[in-house]
Amino acid sequence: MLKTLRTPPSEAETDAWHDVIAAAHLHDVPASVPEPGRTETAGKLRVQSPNGRVRHLVRAAPDGSYDGVAALLLFTEESNRHTAFLDALVVRPEARRRGVGAELWSAIRAELTADGRSSVSAMLELGGAGEAFVDGLGFTKVLPLAWYVQRVREADARLPEAQLPDGYRFAAWDGVVPDALADEFARAHDAMEDAPAGGMDERTPRWDAERVRNAARLVDDRGGVILTSVVLASADGAGRGTDRVAAYTEVVLRDPSHARALQYDTVVVPEHRGRGLGRAVKRHLLATLAELHPGVREISTSVADDNAPMLAVNAALGYRRERPAGIFQAKL
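Below or above, wherever it landed, is the structure these notes cover. Given the structure is predicted, the values throughout are model-derived calculations rather than measurements. (Residues numbered from 1 in each chain as written. Predicted model: local features only at pLDDT ≥ 70, side-chain atom pairs only at ≥ 80, totals over all residues. Heavy atoms only, no water.)

### Comments concerning the overall build of the chain
Per the secondary structure count, the chain includes nine helices and 12 strands. Taking 20 Å as the expected radius of gyration for a compact globule of 332 residues, we find that the chain reaches 20 Å, a close match to that expectation. Its C-alpha atoms give the chain principal-axis dimensions of roughly 65 × 40 × 35 Å. Here the chain holds 332 residues, and the buried ones make up 51% of them. Accessible surface for the chain amounts to roughly 15,300 Å². Of this, 50% is attributable to carbon and sulfur atoms. On the chain, the mean spot of the 41 positive side-chain charges and the mean spot of the 47 negative ones are 2 Å from each other. (Helix = DSSP H or I, 4+ residues; strand = E, 2+ residues; numbered from the N terminus. Rg over C-alpha atoms; globule rule 2.2 N^0.38 Å. Buried < 20%, exposed > 50% of the residue type's maximum accessible area, 1.4 Å probe, protein only. Areas by Shrake-Rupley, 256 points an atom, 1.4 Å probe, with all protein chains shown as cover. Lys, Arg positive; Asp, Glu negative; His and termini not counted. Charge placed at Lys NZ, Arg CZ, Asp CG, Glu CD.)

Have a look at this one:
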């Protein structure tokens, strides 16, 4: 039976959803990749994104377990009202090839059509069950990328302490950006506009202080932790004037008990590039993470194949390629 999961779901519904995610992960993803924790699953089901409406669909078995689950994010921001993101379409391994995935996709497609969406995208592992499934649904790969992994203690011990040119200094925080830096932090986020996006229909809206606050609150409300390091530059470059955010990087623990953290954005504002700030700010956050969360052993990040500057920074910091992935998109 196909049904829509209520928000928030019950504990039993959360357990049934997580069982599908965990079983598929163990079957489809390399053993070196830690499986999602229940805290992460519960947070995503319980707390909706401030930038869209989420539909959670499940294919329930007679015994109350789930054969498959799907999560669709329908963007509510005006710049992305035409598209959506398929955050999950997962079938339990033993229930595959029985039409479960097709049934879930049919319901998702109907939702997209009814809401006037002209495209939908998804992030998938290459060579796996997800890519094979969407291949017959009209999805094409629009942004090839890969996952990379850094070992925290090894890198923290091997790499020299982060150094900055004159006129720059570090700042860091846990959680929401301090009010004094919120506007500047939003301005730095807008520098992501020149990051490789392939042929994706999704567009990043303009950032403002409230948007960057909401992004951090979402991590916190879902039970996770977000750490941020920034490089600050004075307005005149000589230690005087108003601080400007020249570079930043963020690391997230979607579950505080996890041994692997997730690298979020790393950005150097265009006028401050070519000074080694990207490498320096990531090195600074690495030391902060090692100090505050000593149980974290690895940091993983995804980088587009044609993002040469970030690939070079990550290579210098000891990241190794783990597995290929891609953003796939279907026109409706």
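From this point, the discussion proceeds with the structure in view.
### What to know about the pattern of salt bridges
One pass over the full model with this rule turns up 30 salt bridges. Measuring nitrogen to oxygen at the nearest pair gives 2.2 Å for the salt bridge that ties E111 to R55. With a gap of 56 residues between them, E111 in helix α3 (residues 100–114) and R55 in strand β2 (residues 52–60) connect regions that are remote in the sequence. When its relative accessible area of 24% is taken as the criterion, R55 is described as partly exposed. With a closest N to O distance of 2.4 Å, R169 and D243 form a salt bridge. Pair noted here: R169 is in strand β7 (residues 168–174) and D243 is in the loop between β8 (225–233) and β9 (244–253), with a separation of 74 residues, a long-range link. Judged by relative accessible area, R169 falls into the partly exposed class, the value being 41%. Of the residues examined, D243 reaches a relative accessible area of 24% and is grouped as partly exposed. (Salt bridge = Lys/Arg side-chain N within 4 Å of Asp/Glu carboxyl O.)

### Description of the sheet that holds β9
Strand order in the open sheet made by the 12 strands is β1-β2-β3-β4-β5-β12-β6-β11-β10-β9-β8-β7, with mixed pairing throughout. Of all strands in the sheet, those bounded by a partner on one side alone are β1 (2–4) and β7. Within this sheet the neighbouring strands show an average axis-to-axis angle of 25 degrees, counted without direction. Pairing of β8 with β9 involves nine bridges; the strand directions are antiparallel. (Pairing = 2+ DSSP bridges. Axes fitted to C-alpha atoms, helices over the stretch in contact; angles between N-to-C directions.)

### Things to note about the pairing of β2
Across the nine residues of β2, seven count as buried, placing the element largely inside the fold. In this sheet, β2 lies alongside β1 in antiparallel orientation, the contact comprising three bridges. Note on β2: the bridge partner recorded for L2 is R59. Sheet topology note: the β2/strand β3 (residues 66–75) ladder contains nine bridges and is antiparallel. Directly across from R55, in β3, lies its bridge partner L72. The antiparallel hairpin formed by β2 and β3 contains five residues in its connecting segment, where G64 sits at a positive phi of about 95 degrees.

### Things to note about the packing of helix α1 (residues 11–28) against helix α2 (residues 38–46)
Helices that pack against each other are described as a pair by the angle of their axes relative to one another and the distance between those axes. At a minimum axis distance of 10 Å, the contact between α1 and α2 shows a crossing angle of 120 degrees. As far as their axial angle goes, α2 and α1 are oblique. By crossing handedness, the relation of α1 to α2 is classed as right-handed. Residue-level contacts link E11, T14, D15, W17 and H18 of α1 to R38, T41, A42 and L45 of α2. (Parallel < 35°, antiparallel > 145°, perpendicular 65-115°, else oblique. Left-handed = near helix turned anticlockwise from the far one by under 90°. Contact = heavy atoms within 4.5 Å.)

### Some remarks on helix α8 (residues 277–292)
Taking 1.5 Å as the rise per residue, α8 with 16 residues should run 22 Å; its terminal C-alpha atoms sit 22 Å apart, in good agreement. What α8 keeps buried is the set L277, G278, A280, V281, K282, R283, L285, L286, T288 and L289. (Expected span 1.5 Å × (residues − 1).)

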